[in-house]
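Here are the chains, one letter per residue:
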Amino acid sequence: MTAAGVSARFTEGDRVRVRAAYPPGHMRTPFFIRGHVGTVIRFVGTYANPEELAYGRDGKPKQPLYWVSFPQSDLWQDYSGSPKDTTIVDVFESWLDPLDAGEAS
Amino acid sequence: MTAPHDDHDHGHDHGDEDWPYPHPKQPDLEDGPVSEHMIMTEAVAELLIDKDIFSAGELREMLESIDSKSPAEGARMVARAWTDPDFKARMLDDVNAAAEEIGIDAGTIPIRVMENTALVHNVIVCTLCSCYPRLLIGLPPDWYKSRNYRTRMVREPRAVLAEFGTEISDDVEVRVHDSTADLRYMVLPMRPDGADGLDEDSLAALVTRDSMIGVSVLKPDNQK
């Protein structure tokens, strides 16, 4: 799918790893998923880049955004709820690496 | 809160010695600390008004409009979804467009609805701030914006749900949605048993704010 010239790299079912990066600035990727592996639930559109908008710029090019699902028991080693439990986070593509490439390196 | 009391043999501080009454004055809004953000907000508002970007009246109207939003709009959509499968399908696809169909202005920020089922219980949080579908369910409750809720709902959702009196079976997936970006979320609660034969308005009256955040489920005998 494309919008505004930006094509979505990932699709439903893709396994992805959230970049374990800690740059300064206004980031919309919560710390608790950084470095974790999740599954793309769906591509939900392209949106102005919040990391740019935060500094008064126009946020272009727009960035693909995904719902990424993480098993709770992967996020928290001592998770005491059901093994079925998940958290879905909206993650911009620039924060996601394909699992295969990430694991091979 | 403190119960009314007449005797004053207890030792709490009544503050200002010049204040002759037994209880301290209720602090005025201006008695709290004035933060930099409060000053900046006021300064920017004054500048925008001075530059005729909008008038003081328009600013007041906008604040009044925001404050007037209530869970009633969201509840109406839930009731319609329960009674009209085609509407529900369209709502699951695009809440804003579905809202417009029944005369509700859900704004331009895209809203998505998460359907609770016998297998999945959804709950909404914004761990980074307080993103919330305000146009459909009103202003967020204070606890939704608290650090306690924002950190613990992703860390131990079942414990937080239990504090709201909501026990979810281990057979059911608890699915937390962290609204970190441009979408807003509401939950489509399951229709309570025993609500057969009710018309849409009566069904809407059963739907609570908390059920649309996902911290509660609608009980068969739910009375608002």
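Structure: above.
Residues numbered from 1 in each chain as written. Chains lettered and ligands numbered in written order. Predicted model: local features only at pLDDT ≥ 70, side-chain atom pairs only at ≥ 80, totals over all residues. Heavy atoms only, no water.

1. Points about the overall build of chain A
A tally of regular secondary structure across chain A gives 3 helices and 7 strands. Order of helices (α) and strands (β) in chain A, N terminus to C terminus: β-β-β-β-α-β-α-β-β-α. A buried classification covers 48% of the 105 residues belonging to chain A. Taking contacts inside chain A between residues at least 6 apart in sequence as the whole, the part at least 24 apart equals 59%. When the accessible area of chain A is evaluated, it comes to approximately 5400 Å², of which 49% is carbon and sulfur surface. (Helix = DSSP H or I, 4+ residues; strand = E, 2+ residues; numbered from the N terminus. Buried < 20%, exposed > 50% of the residue type's maximum accessible area, 1.4 Å probe, protein only. Contact = heavy atoms within 4.5 Å. Areas by Shrake-Rupley, 256 points an atom, 1.4 Å probe, with all protein chains shown as cover.)

2. Concerning the side chain of A:Asn49
Residues and elements named next belong to chain A. Inspection of the secondary structure puts Asn 49 in the loop between strand S4 (37-47) and helix H1 (50-53). Its relative accessible area of 13% is what places Asn 49 among the buried residues. Aside from chain neighbours lying at most four places away, what touches Asn 49 is Gly 59, Pro 61 and Gln 63.

3. Brief notes about the sheet that holds strand S7 (residues 96-98) of chain A
Here 7 strands make up an open sheet; going across it, the order is S7(A)-S3(A)-S4(A)-S5(A)-S6(A)-S3(B)-S2(B) and the pairing mixed. Two strands in the sheet have a free side with no partner beyond their single neighbour: S7 of chain A together with strand S2 (120-125) of chain B. Each neighbouring strand pair of the sheet contributes to a mean axis angle of 35 degrees, computed without reference to strand direction. Pairing geometry for strand S3 (residues 15-18) of chain A and S4(A), over 3 bridges, is antiparallel. Across the sheet, residue A:Arg17 finds its bridge partner in S4(A), namely A:Val37. Contacting strand S6 (86-92) of chain A together with S2 and strand S3 (173-178) of chain B, helix H8 (residues 147-155) of chain B crosses the sheet at an angle of about 150 degrees to S2(B). (Pairing = 2+ DSSP bridges. Axes fitted to C-alpha atoms, helices over the stretch in contact; angles between N-to-C directions.)

4. Side note on the packing of aromatic side chains
Applying the stated rule across the entire model yields 11 aromatic pairs over all chains. Seen in terms of ring centroids, A:Phe32 and A:Trp76 are 5.7 Å apart; in terms of plane orientation they differ by 20 degrees. Their pairing is stacked. Of this pair, A:Phe32 sits in the loop between S3 and S4 while A:Trp76 sits in the loop between helix H2 (72-75) and S6; the two residues are 44 residues apart in sequence, bridging distant segments of the chain. With centroids separated by 5.1 Å and ring planes inclined at 65 degrees, the aromatic side chains of B:Trp143 and B:Tyr149 adopt a geometry described as edge-to-face. In this structure B:Tyr149 comes out as buried when scored by relative accessible area, which is 2%. Connected via pairs of aromatic rings, a cluster forms that spans B:Tyr132, B:Trp143, B:Tyr144, B:Tyr149 and B:Phe164. (Phe/Tyr/Trp six-rings, centres within 6.5 Å; stacked < 30°, edge-to-face > 60°.)

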